[in-house]
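# Chain and residue survey
Below are the chains, spelled out letter by letter.
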Amino acid sequence: MSKTRKMLQLSLLMAVGITLHIFETMLPFLNSFPIPGVKLGLANIVTLLTLVLWGYREALLVVLLRSLLSALLSGTFLTTSFYLSFAGALGSATAMGGVYFFARSHLSMVGISICGAVAHNLSQLLVASALIQQMGIFMYLPYLLLFSLPTGYFIGLVVIHVLRFLGGIGLAKIRAVIPSPRKIME
């Protein structure tokens, strides 16, 4: 596979991640939710897919660029919201990468996704406690976990179904689903 084709495919995954992240911020029921910080984590679909299809290094690259570009597009770059989101995305990707490579024979995609959701919350609370210099914020963790466990379960199910779809195409043809740069230019 050419380097250009790989870069194009990772860029498309990143674009889907940005779109999901921004879409999620526009959902009215999440913005009016009584517990602040509750999110669905839709961009983690792309993180977990990239991890499975390409590997940890590529997944981390997609997460970092997605977080930065999403913040720039939404106008939250270098705000408290950016730091919390960035820490959560990085913590989630790191946890899912570690669990995927060291325990994937013991956990399904759902289990890996739930680990990512929990790590996302822990990472955000660590950054929040550093920003406000107060460890008491960790009392908020059970409320966040109440919502992150089902959303992590949902994200894992979505990834399983996407991988089944791609497997139905034929695993050897997964990367052929996205057209080559030359065909796009024609």
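Residues numbered from 1 in each chain as written. Predicted model: local features only at pLDDT ≥ 70, side-chain atom pairs only at ≥ 80, totals over all residues. Heavy atoms only, no water.

## Describing the overall build of the protein chain
- Within the protein chain, the secondary structure is distributed over eight helices and zero strands.
- The helix and strand sequence of the protein chain, counted from the amino end, reads α-α-α-α-α-α-α-α.
- If you take every contact in the protein chain between residues at least 6 apart in sequence, the share linking residues at least 24 apart comes to 68%. (Helix = DSSP H or I, 4+ residues; strand = E, 2+ residues; numbered from the N terminus. Contact = heavy atoms within 4.5 Å.)

## Let's talk about helix H1 (residues 3–25)
- A rise of 1.5 Å per residue sets the reference length of H1, with its 23 residues, at 33 Å; its end C-alpha atoms lie 33 Å apart and thus fit the reference within 8%.
- Looking only at H1, the buried set comprises Arg 5, Gln 9, Leu 10, Leu 13, Met 14, Gly 17, Ile 18, His 21 and Glu 24. (Expected span 1.5 Å × (residues − 1). Buried < 20%, exposed > 50% of the residue type's maximum accessible area, 1.4 Å probe, protein only.)

## Details of the side chain of Glu 24
- The topology assignment puts Glu 24 in helix H1.
- The exposure class assigned to Glu 24 is buried, which follows from its relative accessible area of 5%.

## A look at unusual backbone geometry
- Backbone geometry places Leu 78, a non-glycine residue, at a positive phi of 65 degrees.
- Relative to the elements of secondary structure, Leu 78 occurs in the loop between helix H4 (56–74) and helix H5 (80–103).
- Of note in the backbone geometry, Gln 133 takes a positive phi value of approximately 50 degrees without being a glycine.
- In this structure, Gln 133 sits in the loop between helix H6 (109–132) and helix H7 (141–169).
- The class for Gln 133 is exposed, based on a relative accessible area of 70%.

## Points about the pattern of salt bridges
- Evaluation of the coordinates by the stated rule reveals two salt bridges.
- The partner of Glu 58 in a salt bridge is Lys 6, with the nearest N and O atoms 2.7 Å apart. Taken together, the residues span a long stretch of sequence, with Glu 58 in helix H4 and Lys 6 in helix H1 at a distance of 52 residues.
- Note that Arg 57 is salt-bridged to Glu 58, the shortest N-O span being 4.0 Å.
- Under the relative-accessibility criterion, Glu 58 is labelled buried at 10%.
- Through salt bridges with shared partners, one network takes in Lys 6, Arg 57 and Glu 58. (Salt bridge = Lys/Arg side-chain N within 4 Å of Asp/Glu carboxyl O.)

## Quick look at the nonpolar core
- In this structure, Ile 45, Leu 48, Leu 51, Met 109, Ile 112 and Val 159 are the most contacted members of the largest nonpolar core, which totals 14 residues.
- Of all the elements, helix H3 (residues 43–53) adds the most residues to this core, at four residues.
- Excluding residues that lie within four positions of it along the chain, Ile 45 makes contacts with Ile 155, Val 158 and Val 159.
- Leu 10, Leu 13, Met 14 and Ile 18 belong to the second-largest nonpolar core, a separate cluster that totals seven residues. (Core = buried A, V, L, I, M, F, W, Y, C linked by side-chain atoms within 4.5 Å.)

## With respect to the packing of H4 against H5
- Packing of H4 against H5 brings their axes to within 10 Å, and their N-to-C directions diverge by 165 degrees. Judged by the inter-axis angle, H4 sits roughly antiparallel to H5. Where H4 crosses over H5, the handedness of that crossing is right-handed. Each of Tyr 56, Leu 60, Val 63, Leu 64, Arg 66, Ser 67, Leu 68 and Ala 71 in H4 lies in contact with H5, whose residues at this interface are Phe 82, Phe 86, Ala 89, Leu 90, Ala 93, Thr 94, Gly 97 and Phe 101.
- Looking at the contact of H4 with H5 residue by residue, the classes come out as twelve nonpolar, three polar and one charged. (Axes fitted to C-alpha atoms, helices over the stretch in contact; angles between N-to-C directions. Parallel < 35°, antiparallel > 145°, perpendicular 65-115°, else oblique. Left-handed = near helix turned anticlockwise from the far one by under 90°. Nonpolar A, V, L, I, M, F, W, Y, C, P; charged D, E, K, R; others polar.)

## A word on H5
- With 24 residues, H5 should reach 34 Å at 1.5 Å per residue; the first-to-last C-alpha distance of 33 Å fits that figure.
- Turning to H5, its buried residues are Phe 82, Ala 87, Gly 88, Ala 89, Gly 91, Ser 92, Ala 93, Met 96, Gly 97, Val 99 and Tyr 100.
- Its buried side turned inward, H5 meets H3, H4 and H6.

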